[in-house]
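Listed below, chain by chain, are the residues.
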Amino acid sequence: MPSTPWRRRRSTDSPRPAGRRWAGRLRHGGTLARQALLVRVGRRNTETSRAATAVRAEVLYTGPEPALSHIIPTPGVPLNASAPFQEEQVPTTIPLLPGEHTMARRARFALVNACTLASLGLGLLAIFLAMEGEPKAAAGCLVACVVFDGLDGALARKLGVASPFGAQMDSLADMSSFGLAAPVVVYASLVAHQVPHAAAALACALVAGCAAIRLARFNVSPKDGRFFCGVPTTMAAAVLALAVLIDLPLPGMVVLAGVALLAFAMVSSFPYAKLARILRLPPWLWLLPVVGALVLEPQMMFVLVVATYLVSGPILWVRAKRA
């Protein structure tokens, strides 16, 4: 009887033909389990892998230089004892004002930060007045906060003392004045209009949380010179302060719903036009609010202007999606 092909090839190192045929069948199989059996694991060159690991460890090591007696020489890698490890030098202090520190630039820098601190102080005063039961006087302080908040940024750009420190300082002042003081003033006004305390507290807490999210997102997002991503906290606080000042002739629950809507508009992704673009509108558009204030009540015209601005964001978003 002739011997089988397997017995004829058993004395050699070549794989058996049957294994090749089974591998071909498995290769054309449809299941993942069969395809997983075809994974081939190559042999690892111990000498090469050991040398590569030693080179990587030497490159990644950033600690103090070890003693030369404890270093195991790597085959093919020269040992350079005259080149010590270089430690990265980290600066201990960061200047608050970039550029040259002359007396004139320091004075301008102090003036800009004084405006920021004035906005912060007026926000605290608004909280104190609201706690004393004077929401209208507190709303007047918030309007002054908005003025100082716009003044410090304009002065920093005009005087050439804009800095990352000033931007962070302005963001913290905005959170204190517009993220905390404005909800407290609105809460005092809603409670005075017989709104339930729990509902007023929930709406004001929503304003504070959305203001924090809006400011944090603004700090880490790329800046757009034409549009805001969501309603800015300064504009939202200005709307709330003016609503308290003019005493809107609306039911308390309607005002509460408007406060919640304004809070959600701050954290939305809708594009809202900046003030510079609004000022470049045609003159006849500016006559419409004036005529409306003469025909209707000024308070209702204020509500219509704010509602138009809030609706403009979704409209611009839809137009951008279609384009």
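Our subject is the structure that appears above.
Each residue is numbered by its place in its chain's sequence as written, counting from 1. pLDDT decides what is reported in this predicted model: residues at 70 or higher carry local features, side-chain atom pairs at 80 or more are listed and counted, and totals for whole chains, interfaces and linings draw on all residues regardless. The side-chain values count all of the structure's non-hydrogen atoms but skip hydrogen atoms and water molecules.

## Focus on the overall build of the chain
Then, in step 1: If you tally the helices and strands in the chain, you get 13 helices and 2 strands.
Then, in step 2: For the chain, with 323 residues in total, the buried portion stands at 28%.
Then, in step 3: Within the structure as shown, the chain displays about 21900 Å² of accessible surface, and the carbon and sulfur contribution to it stands at 67%. Here a strand is any run of E in DSSP of at least two residues, a helix any run of H or I of at least four, and the numbering for each starts at the N terminus. Three labels apply to residues, based on accessible area from a 1.4 Å probe with only protein chains included: buried if under 20% of the type maximum, exposed if over 50%, partly exposed otherwise in between. To measure how exposed things are, a 1.4 Å probe is used in the Shrake-Rupley method; for residues, cover is taken only from the protein chains shown.

## Comments concerning the nonpolar core
Then, in step 1: Counting residues in each nonpolar core, the largest one holds 30 residues, and the members touching the most others are V231, M266, Y272 and L310.
Then, in step 2: Among the secondary structure elements, those contributing two or more residues to this core are α7 (164–192), α8 (197–220), β1 (227–229), α9 (233–246), α10 (252–266), β2 (271–273) and α13 (298–322).
Then, in step 3: Whether two residues are in contact is decided by their heavy atoms, any of which lying within 4.5 Å being enough. In contact with L310, other than residues within four places in its own chain, are V231, L261, L262, A265 and Y272.
Then, in step 4: Counting 18 residues, the second-largest nonpolar core is a separate cluster that includes A139, L142, V185 and A188. Definition used in this section: a nonpolar core is a set of buried Ala, Val, Leu, Ile, Met, Phe, Trp, Tyr and Cys residues joined via side-chain atoms within 4.5 Å.

## Re α9
The α-helix winds at 3.6 residues per turn, so residues separated by three or four positions along the chain end up facing the same way.
Then, in step 1: Expected helix span is computed as 1.5 Å times (number of residues minus one). Between its first and last C-alpha, α9 extends 20 Å over 14 residues, near the 20 Å set by a 1.5 Å rise per residue.
Then, in step 2: Counting buried residues along α9, 10 of its 14 residues qualify, which places the element largely inside the surrounding structure.
Then, in step 3: T233, T234, A236, A237, A238, V239, L240, A241, A243 and V244 are the residues of α9 that are buried.
Then, in step 4: The elements touched by buried residues of α9 are α6 (135–159), α7, α8, α10 and α13.
Then, in step 5: Phi turns positive, to about 55°, at D247, one or two residues after α9.

## Observations concerning the side chain of T116
Then, in step 1: With respect to the helices and strands, the residue T116 is situated in helix α5 (residues 103–131).
Then, in step 2: Polar contacts involving the side chain of T116 include one to the side chain of D152, which spans 2.8 Å. N or O atoms within 3.5 Å of each other form a polar contact, as long as, within protein, one can give a hydrogen and the other can take it, and as long as residues adjacent in sequence are counted only when both atoms are side-chain atoms.

## Re the packing of α6 against α9
Then, in step 1: Think of each axis as a best-fit line through the C-alpha atoms, taken over the contacting stretch in the case of a helix, with angles from 0 to 180 degrees between the N-to-C directions. One way to put it is that α6 packs onto α9 with a least axis distance of 8 Å and a crossing angle of 150°. Classified by the interaxial angle, the pair formed by α6 and α9 is roughly antiparallel. In this structure, the crossing between α6 and α9 has a hand that is left-handed. For the pair α6 and α9, the contacting residues are P135, K136, A139, G140, L142, V143, V146 and D149 in the first and T234, A238, A241, L242, V244 and L245 in the second.
Then, in step 2: Its residues placed into classes, the contact of α6 with α9 shows 10 nonpolar, 2 polar and 2 charged. Angles are sorted into four bins: roughly parallel if under 35 degrees, roughly antiparallel if over 145, roughly perpendicular if 65 to 115, and oblique for all others. Put simply, a crossing is left-handed when the front helix is turned counterclockwise from the back one by less than a right angle, and right-handed when it is turned clockwise. Three residue categories are used. Nonpolar comprises Ala, Val, Leu, Ile, Met, Phe, Trp, Tyr, Cys and Pro, charged comprises Asp, Glu, Lys and Arg, and polar comprises the others, including Gly.

## So, the packing of aromatic side chains
Then, in step 1: To pair, rings of Phe, Tyr and Trp, with the six-membered ring standing in for Trp, must have centres within 6.5 Å; the planes then decide the type, stacked if under 30 degrees apart, edge-to-face if over 60, and tilted in the middle. Taken as a whole and assessed by the stated rule, the structure comprises 3 aromatic pairs.
Then, in step 2: Centroid distance F109 to F165: 6.0 Å. Interplanar angle 40°. Geometry classified as tilted. You can see F109 sitting in helix α5 and its partner F165 sitting in helix α7, a full 56 residues away along the chain.
Then, in step 3: Here F109 falls in the buried class, since its relative accessible area comes to 14%.
Then, in step 4: Seen from their ring centres, Y272 and Y309 are 5.3 Å apart, and the 35° between their planes marks the pair as tilted.

## Here's the deal with unusual backbone geometry
Then, in step 1: For Q194, which is not glycine, the phi torsion reads 65° and is therefore positive.
Then, in step 2: By secondary structure assignment, the location of Q194 is in the loop between α7 and α8.
Then, in step 3: For Q194, a relative accessible area of 70% gives the class exposed.

## Section: a nonpolar patch on the surface
Then, in step 1: Patch building starts from residues that exceed 30% relative accessible area and form no salt bridge, then joins like charges within 9 Å and nonpolar side chains (Val, Leu, Ile, Met, Phe, Trp, Tyr) within 5 Å. Any Lys or Arg side-chain nitrogen found within 4 Å of a carboxyl oxygen on Asp or Glu counts as a salt bridge. A surface patch of nonpolar side chains, amounting to about 1000 Å² of accessible area, comprises W284, L287, L288, V290, V291, L294, V295, L296, M300 and L304.
Then, in step 2: Contributions of two or more residues to the nonpolar patch are made by α12 (283–295) and α13.
Then, in step 3: Summarising the element assignment, L288 is placed in helix α12.

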